[in-house]
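Below, each chain spelled out in residue letters.
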Amino acid sequence: MIFALDLEGVLAPEIWPALGQHFGVPEFSLTTRDVADFSELMGTRIAAARRAGVTLRQLQEISHAVQPYLGAREFIERLRPMGNVVIISDTFHEFSDPLAARLGGVNLFANRFDLDEAGLIRGFTLRIRGQKERIVSGFKVAGYAVAAMGDSMNDRSLLASCDFPVLYRPVQVLIDEFPGAPVAHDLDTALEYMQRARAQRDESTGG
Ligand SMILES: [Mg+2]
């Protein structure tokens, strides 16, 4: 069994709003909850960073200080005996690798930045956007059942392609789109749903 989790809004706070607040750049604070087109959103953020002269290293000083939500590390610890835990996120490795380490060294699938000689971000390589469904399909082809959890519109393909979708403090459109999916508002409840997914998978495969 594979547990595929979203990062921001589920296991840790959103990183970009923290950057927006610190650097006083309002474009950073927009999230996928505001702009559904991720490439457009990233283009806006990168242009704003270049205008403000903010380098990746400066952004990392803030993003590397982001702490998981209380209980997130324990949530993953309790999931691990039941299967493989992976985080599939629209974040960037350059921002979130330390966070993944703080969560207990969980596997992170994320995007990468392209930099210019001055250390300013000039673009990005999308490993994840539009690929969540493919990653989940790959797990399923390899014979794994997949339970997934996300909170926002950018998790739609992840949730739609998995076997057991769980919505975590979701935006309303996600509830409308997945009317049958359980909704968790805390990680204790989320763990119960994951245990239920594991039990259902055991029943269907005869243990
Ligand atoms: Mg999220």
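Residues numbered from 1 in each chain as written. Predicted model: local features only at pLDDT ≥ 70, side-chain atom pairs only at ≥ 80, totals over all residues. Heavy atoms only, no water.

Focus on the overall build of the chain
(1) Moving on: A count of helical and extended segments in the chain gives 10 helices and 7 strands.
(2) Moving on: On C-alpha atoms alone, the chain measures out to a radius of gyration of 17 Å, which is about the 17 Å that the 2.2 N^0.38 rule sets for 207 residues.
(3) Moving on: In terms of overall dimensions, the chain has a C-alpha envelope of 60 × 30 × 30 Å along the principal axes.
(4) Moving on: Sequence separation of at least 24 residues holds for 58% of the intrachain contacts in the chain that already meet a minimum separation of 6. (Helix = DSSP H or I, 4+ residues; strand = E, 2+ residues; numbered from the N terminus. Rg over C-alpha atoms; globule rule 2.2 N^0.38 Å. Contact = heavy atoms within 4.5 Å.)

A short note on helix H6 (residues 93–102)
(1) Moving on: Taken residue by residue, H6 has His 93, Glu 94, Phe 95, Ser 96, Leu 99 and Ala 100 as its buried positions.
(2) Moving on: Among the structural elements, helix H1 (15–23), helix H4 (56–63), strand S2 (84–92) and strand S3 (107–115) are those in contact with the buried residues of H6.
(3) Moving on: Looking one or two residues beyond H6, the residue adopting positive phi is Gly 104, at roughly 105 degrees. (Buried < 20%, exposed > 50% of the residue type's maximum accessible area, 1.4 Å probe, protein only.)

Describing the domain arrangement of the chain
(1) Moving on: Domain boundaries in the chain define domain 1 (2–12 + 70–113 + 124–205) and domain 2 (15–63).
(2) Moving on: Every contact between the two is made by 18 residues of domain 1 and, on the other side, 15 residues of domain 2.
(3) Moving on: When domain 1 packs against domain 2, close to 1400 Å² is buried across both sides, 66% of that on carbon and sulfur atoms.
(4) Moving on: For the pair domain 1 and domain 2, the interface holds 0 salt bridges. (Domains from an automatic or database assignment. Buried area = accessible area lost by both parts, 1.4 Å probe. Salt bridge = Lys/Arg side-chain N within 4 Å of Asp/Glu carboxyl O.)

Overview of the pairing of strand S1 (residues 2–5)
(1) Moving on: In S1, alternate side chains face the same way, and those of Ile 2 and Ala 4 on one face and Phe 3 and Leu 5 on the other are all buried.
(2) Moving on: Of the strand pairs in this sheet, S1 and S2 are connected by 4 bridges, and their pairing is parallel. Each bridged residue has a counterpart across the sheet, and for Leu 5 the counterpart in S2 is Ile 87. (Pairing = 2+ DSSP bridges.)

Structural notes on the coordination of the magnesium ion
For a metal bound by four donors in a tetrahedral arrangement, the ideal donor-metal-donor angle is 109.5 degrees, while six donors in an octahedral arrangement ideally sit at 90 or 180 degrees.
(1) Moving on: Taken together, the protein donors to the magnesium ion comprise Asp 6 (OD), Glu 8 (O) and Asp 151 (OD), at separations of 2.0 to 2.2 Å.
(2) Moving on: Coordination of the magnesium ion draws on donor residues from a single chain, spaced D-x1-E-x142-D in sequence. Remark: Asp 151 occurs in the loop between strand S5 (146–150) and helix H8 (156–161) and Asp 6 occurs in the loop between S1 and H1; sequence separation between them is 145 residues.
(3) Moving on: By relative accessible area, Asp 6 is classed as buried at 3%.
(4) Moving on: Residue class for Asp 151 comes out buried when judged on its relative accessible area of 2%. (Donors = N, O, S within 2.8 Å, 3.2 Å for Na, K, Ca; no water.)

A short note on the nonpolar core
(1) Moving on: Core analysis: the biggest nonpolar cluster contains 54 residues, and Leu 5, Leu 11, Phe 75, Leu 79, Met 149 and Met 194 have the highest contact counts within it.
(2) Moving on: Each of domain 1 (2–12 + 70–113 + 124–205) and domain 2 (15–63) gives at least three residues to this core.
(3) Moving on: Membership of the second largest hydrophobic core comes to 17 residues, among which are Ile 135, Val 136, Leu 174 and Ala 181. (Core = buried A, V, L, I, M, F, W, Y, C linked by side-chain atoms within 4.5 Å.)

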